[in-house]
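Examination of the molecular architecture
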Amino acid sequence: GDPVRGQALIGYLGAVGGVLLALSAPILGAVADKHGRRKPWIAWTVCIMAVGSACLWFVEPNSSVMSIHQTLLLLLVIIVAFSISELFHNAMLSTIAPANRVGEISGIAFALGSWAGLFLMLFILIAFALPGAGVWSFVPEHTLFGIDQSTHEHNRIVGPIAAAWMLVFTLPVLLFTPDVAASNLSIPNAVREGIADAMATIRQLKHYSNIALFLLSRMFFFDGMVGVMTFVGIYAAGTFSWDTATLLIFGLCSSGSAMFGAYVGGRIDDWLGSARTLKVAITMVTLIILFLASIQPDSILYGVPLSTDKVWDFPYFQTRAELIFFCTNQISAMFFITGLSSSRSLMARISPPGMSAQFFGLYALSGTVTAFLAPLIVASFTDWFDSQQIGFASLSLLLLIGG
């Protein structure tokens, strides 16, 4: 009921998750290098994410089953499991991709992920969110499976659908991709040696100055980019009072833009170089977020008046401000996903041979040791100024520092 309080709560949730990940990521990466295999870690974390996502079905206003605090705790578990899973599948990149195609394959992977998100959002939109609204002739009159929109079931069904999708499409990774051979070390010994190696790797960073500088920069720009992804929909929903269907269309189109950006960005990465591509992406996302934060229902550029009259009869994005926000975010999505892809391919290119998981552990650490910063900055600025606009704009600070 309170979008400002909602944005702050999501911010504090992300801050707690960031602290937990900062404590575990480098150790887990080093353990993986010692024990060898990556896929068992991916399997377990995906199972945790799937169970957690399925439980989101029980989240509803004034629920006797899941309170707001229990919901936030469940989201925290999903966030941590996701980041651990990401660490291990990122570490697989250098063992699967030929050196001259790392950027392209990383970009294709992000593009396929964006395609999956686009497909799922389109399905949810047509099957559950739009029926009964009478918007398009191809939309059915009634929801699929008898989903009841009045009890938010069209929102809650997203969790179980995501759970099933993750389980099904993790199977090809587990069944058909090569894994590093397991060592003879037991898990406890791998943990002990992994922790020792992790500390040694951190100490050795002074001998890998290019990696150290990249990881230090990434601590800030990655946090800012993920913050943009997390809060752009929250900011838009609060600013323009967008409903579920509007947000789904917004997310669907943004996923399509990200899919295009990931593929093109991956090709540019191999042609222009990962570092140059990354610099362009960070610069553009920084400028775009400052512009997005300037948009209000009746103004743009922090005060230039805009008409609030409807510009068309289409039931979504009816005002000039909404259309400008929508279109600008499509450009942001392209550069955002290009930045993530180039960041990963750059790490794969500069990691010493035989130490990819350790350095991807530090890579994960650089994305998590300050992972509390973006949500904490947004939450704090939102609370201090009682303003979603200032809270959202504060993310540019992290992008500027990282850039």
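Here the structure is shown first, and the text comes after it.
Here's a quick rundown of the structure. Everything numeric in this text was worked out from a predicted model, so none of it was measured.

1. Looking at the overall build of the protein
Looking only at helices and strands, one finds 16 helices and 2 strands in the protein. Relative to its length of 403 residues, the protein is compact, with a C-alpha radius of gyration of 21 Å against a globular reference of 22 Å. Taken over the C-alpha atoms alone, the protein extends approximately 65 × 45 × 40 Å along its principal axes. Taking all 403 residues of the protein together, 49% fall into the buried category. Pairs at least 24 apart in sequence give 79% of the contacts found in the protein among residues at least 6 apart. When the accessible surface of the protein is split by element, carbon and sulfur atoms take 69% of a total near 18600 Å². Positive and negative side-chain charges of the protein, numbering 18 and 21 respectively, have mean locations separated by a distance of 16 Å.

2. Let's talk about unusual backbone geometry
The backbone phi angle of Leu 301 is positive, close to 55°, even though this residue is not glycine. Note on placement: Leu 301 falls in the loop between strand S1 (299-300) and strand S2 (304-305). In this structure, Asp 386 takes a positive phi of about 50° despite not being glycine. With respect to the element layout, Asp 386 can be found in the loop between helix H14 (373-385) and helix H15 (388-393). On the basis of relative accessibility, which here comes to 59%, the residue Asp 386 falls in the exposed class.

3. Let's talk about the packing of aromatic side chains
In this structure the tally under the stated criterion is 18 aromatic pairs. Seen in terms of ring centroids, Trp 165 and Phe 169 are 4.5 Å apart; in terms of plane orientation they differ by 35°. Their pairing is tilted. Placement of the pair is Trp 165 and Phe 169 together in helix H7 (residues 158-176), with a separation of 4 residues, close to one helical turn. Judged by its relative accessible area of 21%, Trp 165 falls in the partly exposed class. For Phe 169, a relative accessible area of 48% puts it in the partly exposed group. Following the ring pairs from residue to residue traces out a cluster consisting of Tyr 235, Phe 240, Trp 242, Phe 250, Phe 317, Phe 325, Phe 326 and Phe 392.

4. Side note on the nonpolar core
Among the nonpolar cores identified, the biggest contains 75 residues, and Phe 325 and Phe 392 are the most heavily contacted of them. Tallying contributions element by element places helix H9 (residues 209-240) first for this core, with 12 residues. In this structure, Val 46, Leu 72, Ile 78 and Phe 88 belong to the second largest nonpolar core, which totals 18 residues.

5. Description of the pattern of salt bridges
One pass over the structure, following the stated rule, counts 2 salt bridges. Ionic pairing is found between Asp 269 and Arg 349, a salt bridge with its closest N-O pair at 3.0 Å. Here the residue Asp 269 occupies a position in helix H10 (residues 244-272), and Arg 349 occupies one in helix H12 (residues 320-350), the gap between them amounting to 80 residues.

6. Some details on the side chain of Thr 239
Position of Thr 239 relative to the elements: it lies in helix H9. We classify Thr 239 as buried; its relative accessible area is 14%. At 2.8 Å, the side chain of Thr 239 and the backbone oxygen of Tyr 235 are in polar contact. Leaving out residues up to four positions away in the same chain, Thr 239 has contacts with Ile 295, Gln 296, Pro 297 and Gln 388.

7. Describing the packing of H9 against H12
At a closest axis distance of 11 Å, the pairing of H9 and H12 adopts a crossing angle of 155°. One way to sum up the angle between H9 and H12 is to call them roughly antiparallel. When you trace H9 past H12, the crossing you get is left-handed. Its residues assigned to classes, the contact of H9 with H12 shows 20 nonpolar, 5 polar and 2 charged.

8. Quick word on the environment of Val 280
Tracing the sequence through the fold places Val 280 in helix H11 (residues 274-293). Given a relative accessible area of 42%, Val 280 falls into the partly exposed group.

9. Some thoughts on the environment of Trp 165
As a C-alpha pair, Trp 165 and Ala 374 span 209 residues in sequence and 29 Å in three-dimensional space. Those residues within four positions of Trp 165 in sequence are excluded, and the remaining contacts are Ala 116, Phe 119 and Leu 120.

10. Points about the packing of helix H5 (residues 102-129) against H12
Relative orientation of the contacting elements H5 and H12 amounts to 145°, with a least axis distance of 9 Å. Where H5 crosses over H12, the handedness of that crossing is right-handed. Contacts between H5 and H12 involve Val 102, Gly 103, Ser 106, Gly 107, Ala 109, Phe 110 and Ser 114 from the first element and Ile 337, Leu 340, Ser 341, Arg 344, Ser 345, Ala 348 and Arg 349 from the second. Residues belonging to the contact of H5 with H12 are distributed by class as follows: 6 nonpolar, 6 polar and 2 charged.

Rules of the game
Residues numbered from 1 in each chain as written. Predicted model: local features only at pLDDT ≥ 70, side-chain atom pairs only at ≥ 80, totals over all residues. Heavy atoms only, no water. Helix = DSSP H or I, 4+ residues; strand = E, 2+ residues; numbered from the N terminus. Rg over C-alpha atoms; globule rule 2.2 N^0.38 Å. Buried < 20%, exposed > 50% of the residue type's maximum accessible area, 1.4 Å probe, protein only. Contact = heavy atoms within 4.5 Å. Areas by Shrake-Rupley, 256 points an atom, 1.4 Å probe, with all protein chains shown as cover. Lys, Arg positive; Asp, Glu negative; His and termini not counted. Charge placed at Lys NZ, Arg CZ, Asp CG, Glu CD. Phe/Tyr/Trp six-rings, centres within 6.5 Å; stacked < 30°, edge-to-face > 60°. Core = buried A, V, L, I, M, F, W, Y, C linked by side-chain atoms within 4.5 Å. Salt bridge = Lys/Arg side-chain N within 4 Å of Asp/Glu carboxyl O. Polar contact = N/O pair within 3.5 Å; in protein donor to acceptor, adjacent residues only side chain to side chain. Axes fitted to C-alpha atoms, helices over the stretch in contact; angles between N-to-C directions. Parallel < 35°, antiparallel > 145°, perpendicular 65-115°, else oblique. Left-handed = near helix turned anticlockwise from the far one by under 90°. Nonpolar A, V, L, I, M, F, W, Y, C, P; charged D, E, K, R; others polar.

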